[in-house]
Amino acid sequence: MTIRTLQQISQSIPTLEGAGVHLRRAFGFGGTALFDPFLLFDDFRSDHPDQYLKGFPWHPHRGIETITYVLAGDVEHGDSLGNRGMISSGDVQWMTAGSGIIHQEMPKGDAAGSMHGFQLWCNLPAAEKMCAPRYRDVTAATIPTVTTAAGATIKVICGMVDGTRGPVEDITIDPQYLDITVPAESGLEHPTRPGDTVVAYVIGGEASFAPEEPNRQGNRSILVFSDGDRIAVRTAAQPVRFLLISGRPLRELIAWRGPIVMNTEEELQTAFREYHDGTFLKHR
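Let us look at the structure shown here. Since we're looking at a predicted model, the values are computed, not measured.

## Looking at the overall build of the protein chain
Okay, step 1: When helices and strands are counted, the protein chain shows two helices and 25 strands.
Okay, step 2: In terms of overall size, the protein chain behaves like a compact globule, its C-alpha atoms giving a radius of gyration of 18 Å where 284 residues would be expected to give roughly 19 Å.
Okay, step 3: Once the C-alpha set of the protein chain is aligned to its principal axes, its extents read approximately 60 × 45 × 35 Å.
Okay, step 4: Per-residue burial over the protein chain gives 55% buried out of 284 residues.
Okay, step 5: Put simply, 73% of the contacts in the protein chain that link residues at least 6 apart link residues at least 24 apart.
Okay, step 6: Per element, the accessible surface of the protein chain, about 11800 Å² overall, is 50% carbon and sulfur.
Okay, step 7: In the protein chain, which carries 25 positive and 34 negative side-chain charges, the distance between the mean positions of the two groups comes to 2 Å.

Encoded structure:
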């Protein structure tokens, strides 16, 4: 059994996206080899409606999957496949853009004005970049929770934990996406598949995430682990809550501009040309 060490520790940084949404970017548009198969991770937690209400109006995606996880508030969604709806507290939207989709996401917040959530982009392998797009709404009620003997709780959005499987399946990179809370003065050892990229993002409290790293990491810390078959988390006076994502690296060439990720510059130029001449959508 090999405990993963920490390969990189950093903090998410403030940025503007969409029509003027204030958020914090944990990673994206750089360092793709380190995070492969993941491309981007944004934290859009805010208690100020003027920082999120302008939202993300209609825009295209091709070649990736986008995963939106909402902790508080509502996000109104619509897309070129005809899907319409609201993502609410505890819900997940897993959208496979594939050959192309045009959609919008408009945060509405809750009665208190809070809008808390995260968006992750996963790369698609070259063989699936032009697959038919699909959209999956995952309600909070369908996401199971596993409780360890030490009292840690693990919400299983995707992947398998102690025989409990999350509701999102049939993803090529075979990812895990977990929402984990570890109580104060406690610990958790969680198995990870050797060879997978494993990343944690702290969203509350603090903890030590590796035996050789005595410093505790707190809110908005992004942690990239080295290889191994488990992670070890230890808390002190505070509990910790973090998102754990892992998946099989693709190790493919990436040609990426804005919301479209392909393998070659030629494919990228084709995608933007098709978007501008109205032939972008292959499925409606």
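## Digging into the pairing of strand 21 (residues 221-225)
Okay, step 1: Burial runs high along strand 21: five of the five residues are buried.
Okay, step 2: Side-chain alternation along strand 21 places Ser221, Leu223 and Phe225 on one buried face and Ile222 and Val224 on a second face that is also buried.
Okay, step 3: One ladder, built from five bridges, connects strand 1 (residues 6-11) with strand 21; its direction is antiparallel. When the sheet's bridge partners are listed, Leu6 is paired in strand 21 with Phe225.
Okay, step 4: As paired elements, strand 19 (residues 197-207) and strand 21 share three bridges and run antiparallel to each other. Counted as the bridge partner of Ala200 is Leu223 from strand 21.

## Remarks on the environment of Thr235
Okay, step 1: Turning to its location among the elements, Thr235 is positioned in the loop between strand 22 (230-234) and strand 23 (240-247).
Okay, step 2: It is 30 Å that separates the C-alpha atoms of Thr235 and Thr32, two residues lying 203 residues apart in sequence.
Okay, step 3: A polar atom in the side chain of Thr235 sits 2.9 Å from the backbone nitrogen of Ser186.

## A look at the packing of aromatic side chains
Okay, step 1: Counted by the stated rule, this structure contains 11 aromatic pairs.
Okay, step 2: Each ring, one from Phe27 and one from Phe35, has its centre 4.0 Å from the other, and the planes form 10°; the classification is stacked. Taken individually, Phe27 and Phe35 each receive the classification buried, so the pair is uniform in this respect.
Okay, step 3: When the centroid spacing of 5.1 Å and the interplanar angle of 85° are considered together, the rings of Phe209 and Phe242 count as edge-to-face. You can see Phe209 sitting in the loop between strand 19 and strand 20 (217-218) and its partner Phe242 sitting in strand 23, a full 33 residues away along the chain. The same class applies to Phe209 and to Phe242, which are both buried.
Okay, step 4: Put simply, the rings of Phe27, Phe35, Phe41, Phe118 and Tyr201 touch in pairs and so form one group of aromatic residues.
Okay, step 5: The ring of Phe272 has Arg257 lying over it, and the distance from NZ or CZ to the ring centre is 4.5 Å.

## Digging into the sheet that holds strand 8 (residues 84-87)
Okay, step 1: Taken together, four strands build an open sheet; the order of strands is 5-10-7-8 and the sheet is antiparallel. The sheet is open, and its two edges are formed by strand 5 (56-61) and strand 8, each paired on a single side. When strand polarity is set aside, the average angle formed by the axes of neighbouring strands in this sheet is 25°.
Okay, step 2: Relative to strand 10 (residues 101-109), strand 7 (residues 74-79) runs antiparallel, the two being bridged by six bridges. From the neighbouring strand, Glu76 faces strand 10, where its bridge partner is Met106.

## Observations concerning the side chain of His103
Okay, step 1: The residue His103 is located in strand 10 in this model.
Okay, step 2: There is a polar contact of 3.4 Å between the side chain of His103 and the side chain of His61.
Okay, step 3: Excluding anything up to four places from it in sequence, His103 contacts Pro57, Trp58, His59, His61, His77, Gly78, Asp79 and Met95.

## Some remarks on the nonpolar core
Okay, step 1: Phe27, Phe41, Phe118, Leu120 and Tyr177 are the most contacted members of the largest nonpolar core, which has 28 residues in total.
Okay, step 2: Val156, Val202, Phe225 and Val233 belong to the second-largest nonpolar core, a separate cluster that totals 23 residues.

## A word on the pattern of salt bridges
Okay, step 1: Counted according to the given criterion, the structure contains 14 salt bridges.
Okay, step 2: A salt bridge links Asp174 to Arg193; the shortest N-O distance between them is 2.5 Å. A residue pair is termed long-range when its members are at least 10 positions apart, and Asp174 in the loop between strand 16 (164-165) and strand 17 (176-182) and Arg193 in the loop between strand 18 (187-191) and strand 19 qualify at 19 residues.
Okay, step 3: Its salt-bridge partner being Arg193, residue Asp196 comes within 2.9 Å of it at the nearest N-O pair.
Okay, step 4: Using a relative accessible area of 31% as the deciding quantity, one classes Arg193 as partly exposed.
Okay, step 5: Three or more residues are tied together by salt bridges with common partners; here these are Glu17, Arg25 and Asp42.

Parameters and conventions
Residues numbered from 1 in each chain as written. Predicted model: local features only at pLDDT ≥ 70, side-chain atom pairs only at ≥ 80, totals over all residues. Heavy atoms only, no water. Helix = DSSP H or I, 4+ residues; strand = E, 2+ residues; numbered from the N terminus. Rg over C-alpha atoms; globule rule 2.2 N^0.38 Å. Buried < 20%, exposed > 50% of the residue type's maximum accessible area, 1.4 Å probe, protein only. Contact = heavy atoms within 4.5 Å. Areas by Shrake-Rupley, 256 points an atom, 1.4 Å probe, with all protein chains shown as cover. Lys, Arg positive; Asp, Glu negative; His and termini not counted. Charge placed at Lys NZ, Arg CZ, Asp CG, Glu CD. Pairing = 2+ DSSP bridges. Polar contact = N/O pair within 3.5 Å; in protein donor to acceptor, adjacent residues only side chain to side chain. Phe/Tyr/Trp six-rings, centres within 6.5 Å; stacked < 30°, edge-to-face > 60°. Lys NZ or Arg CZ within 6 Å of the ring centre and 35° of its normal. Axes fitted to C-alpha atoms, helices over the stretch in contact; angles between N-to-C directions. Core = buried A, V, L, I, M, F, W, Y, C linked by side-chain atoms within 4.5 Å. Salt bridge = Lys/Arg side-chain N within 4 Å of Asp/Glu carboxyl O.

No statement about biological role is implied by the geometric values presented.
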